[in-house]
Amino acid sequence: MKAIARLLVIFLMLLVNELAFAQQVIPLYTGKIPGAKETPDKESENAAHFVGKVSRPTLTIYQPAPGLVKGVAVIVCPGGGYMMVNMKLEGYDVAQQLNAIGITAFVLKYRIPDDSTMVDKSMGPLQDGQQAMLLIKTRAKEWNIDTTKIGMMGFSAGGHLAVSVGAHFNKPLIDNPSNINLRPNFMILVYPVISFTDSLAQKNSRGALIGKTPDAKEINYFSGELQVNANTPPAFILHAGDDGVVSVKNSVQYYLALQRNK
């Protein structure tokens, strides 16, 4: 009997784990993906849910229990240095925690910059971030979301993507015929890559997105601390001082830029 009980417990644990990932996954674009080349899908995923070579972006929708819904939504952008997307630890797991406090979460699997799949690889992730905001605002009523309470949350390179959406919301890189406002209402930035300047850049992320020899215009465009103005969304920033991958100076400089612009 004890053996049967143990097997039952194991079965239930596996079932719960499967149900945790049994969320609705929708394509980010219903038509042609902007800036995409017609290429075979070479996406790959390992056992830890790190996904590489993403060329078909998606949103995984996590909705809280009906009695908990607060009308707030967060687009979760996992990290991965613009070379992969850490879908579980910085995506699915986070979404479940947001659900527990009544927040609807959308885990964004954005395109990985690649010259073989994109006309301009530097713009693919930003286009996907803007499209996620557009899609959620367009279908907000369906998901019981208040369009004034939609934020971006990003980890590491995903933080850079969130900051980029917050910086360039008024310059759409996607089809937006209804001229919907793409500005996030808030940002949650966790050990974010902010700057592409030589003194602060996380070189692997910068190289993956804009190449190893970017020009000054590209560096400026993708350096979040240089793009802050009075319309930049408010941000909650979390970063450890001893981070050995992304220097905490990224967050410090962004904080100071936010302060200067009130």
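You'll find the structure just up there.
The following paragraphs examine the structure supplied in this document.

Rules of the game
- Residues numbered from 1 in each chain as written.
- Predicted model: local features only at pLDDT ≥ 70, side-chain atom pairs only at ≥ 80, totals over all residues.
- Heavy atoms only, no water.
- Buried < 20%, exposed > 50% of the residue type's maximum accessible area, 1.4 Å probe, protein only.
- Helix = DSSP H or I, 4+ residues; strand = E, 2+ residues; numbered from the N terminus.
- Pairing = 2+ DSSP bridges.
- Contact = heavy atoms within 4.5 Å.
- Polar contact = N/O pair within 3.5 Å; in protein donor to acceptor, adjacent residues only side chain to side chain.
- Axes fitted to C-alpha atoms, helices over the stretch in contact; angles between N-to-C directions.
- Parallel < 35°, antiparallel > 145°, perpendicular 65-115°, else oblique.
- Left-handed = near helix turned anticlockwise from the far one by under 90°.
- Nonpolar A, V, L, I, M, F, W, Y, C, P; charged D, E, K, R; others polar.
- Core = buried A, V, L, I, M, F, W, Y, C linked by side-chain atoms within 4.5 Å.
- Right-handed = clockwise from strand over helix to strand, strands pointing away.

1. Things to note about the pairing of strand β4 (residues 58–62)
Part 1 of the reasoning: In terms of residue burial, β4 counts as a mostly covered element, since five of its five residues are buried.
Part 2 of the reasoning: Of the two faces of β4, both are covered, the one formed by Thr58, Thr60 and Tyr62 as well as the one formed by Leu59 and Ile61.
Part 3 of the reasoning: The pairing of strand β1 (residues 24–27) with β4 spans four bridges and is classified as antiparallel. Bridge pairing in β4 links Gln24 to Ile61.

2. Describing the environment of Asn261
Part 1 of the reasoning: Relative to the assigned elements, Asn261 resides in the segment after α7 (249–260).
Part 2 of the reasoning: Distance from Asn261 to Gly52, taken between C-alpha atoms, is 37 Å for residues 209 residues apart in sequence.
Part 3 of the reasoning: Not counting residues within four places of it along the chain, the set of residues in contact with Asn261 comprises Val228, Asn229 and Ala230.
Part 4 of the reasoning: Of the polar contacts made by the side chain of Asn261, one reaches the backbone oxygen of Ala257; its length is 2.9 Å.

3. Thoughts on the packing of helix α3 (residues 124–138) against helix α4 (residues 157–167)
Part 1 of the reasoning: In the contact formed by α3 and α4, the axes pass within 9 Å of each other and the chain directions differ by 65°. Classed by the angle they form, the pair α3 and α4 counts as roughly perpendicular. Taken as a pair, α3 and α4 cross one another with a handedness that is right-handed. Of the residues in α4, those in contact with Pro125, Leu126, Gly129 and Gln130 of α3 are Leu161, Ser164 and Val165.
Part 2 of the reasoning: Its residues assigned to classes, the contact of α3 with α4 comprises four nonpolar, three polar and no charged.

4. Here we look at the sheet that holds strand β3 (residues 50–52)
Part 1 of the reasoning: As summarised here, the arrangement of the three strands in space is β2-β3-β6, forming an open sheet in which the pairing is antiparallel. Each end of this open sheet is capped by a strand with a single partner; those strands are β2 (44–45) and β6 (85–86).

5. Regarding the nonpolar core
Part 1 of the reasoning: In terms of nonpolar packing, the biggest core is built from 70 residues, with Leu59, Ile75 and Leu108 touching the most fellow members.
Part 2 of the reasoning: The leading source of residues in this core is α3, at six residues.

6. Observations regarding the side chain of Thr60
Part 1 of the reasoning: Mapped onto the fold, Thr60 is located in strand β4.
Part 2 of the reasoning: In contact with Thr60, other than residues within four places in its own chain, are Gln23, Gln24, Val25, Tyr92, Ala105, Phe106 and Val107.

7. Side note on the environment of Gly154
Part 1 of the reasoning: One can find Gly154 in strand β8 (residues 150–155).
Part 2 of the reasoning: You can call Gly154 buried: its relative accessible area is 0%.
Part 3 of the reasoning: On a C-alpha basis, the gap between Gly154 and Gly79 in space is 7.1 Å, while along the polypeptide they are 75 residues apart.
Part 4 of the reasoning: Look past the residues within four positions of Gly154 in its chain and what remains in contact with it is Cys77, Gly159, Ala162, Ile188, Leu189 and Val190.

8. Topic: the environment of Ala230
Part 1 of the reasoning: Take Ala230: it is sitting in the loop between α6 (216–221) and β10 (235–238).
Part 2 of the reasoning: Between the C-alpha atom of Ala230 and that of Lys262, which follows or precedes it by 32 residues, the distance is 6.8 Å.

9. Quick notes on the pairing of β8
Part 1 of the reasoning: Of all the six residues making up β8, six are buried; the element is thus mostly covered by neighbouring parts of the structure.
Part 2 of the reasoning: Pairing of strand β5 (residues 73–77) with β8, which is carried by five bridges, proceeds in the parallel orientation. Bridge pairing in β8 links Val74 to Gly151.
Part 3 of the reasoning: The pairing of β8 with strand β9 (residues 186–190) spans five bridges and is parallel. Along β9, the bridge assignment pairs Met153 with Ile188.
Part 4 of the reasoning: The β-α-β motif built from β8, the intervening α4 and the parallel element β9 has right-handed crossover chirality.

10. A closer look at helix α5 (residues 203–210)
Part 1 of the reasoning: Most of α5 sits out of view: six of its eight residues are buried.
Part 2 of the reasoning: For α5, the complete set of buried residues consists of Ser205, Arg206, Gly207, Ala208, Leu209 and Ile210.
Part 3 of the reasoning: In the core, the buried residues of α5 are packed alongside α3, α4 and α6.
Part 4 of the reasoning: Two residues or fewer after α5 comes Gly211, characterised by a positive phi angle close to 90°.

Without other data, these values stay purely geometric and don't point to any function.
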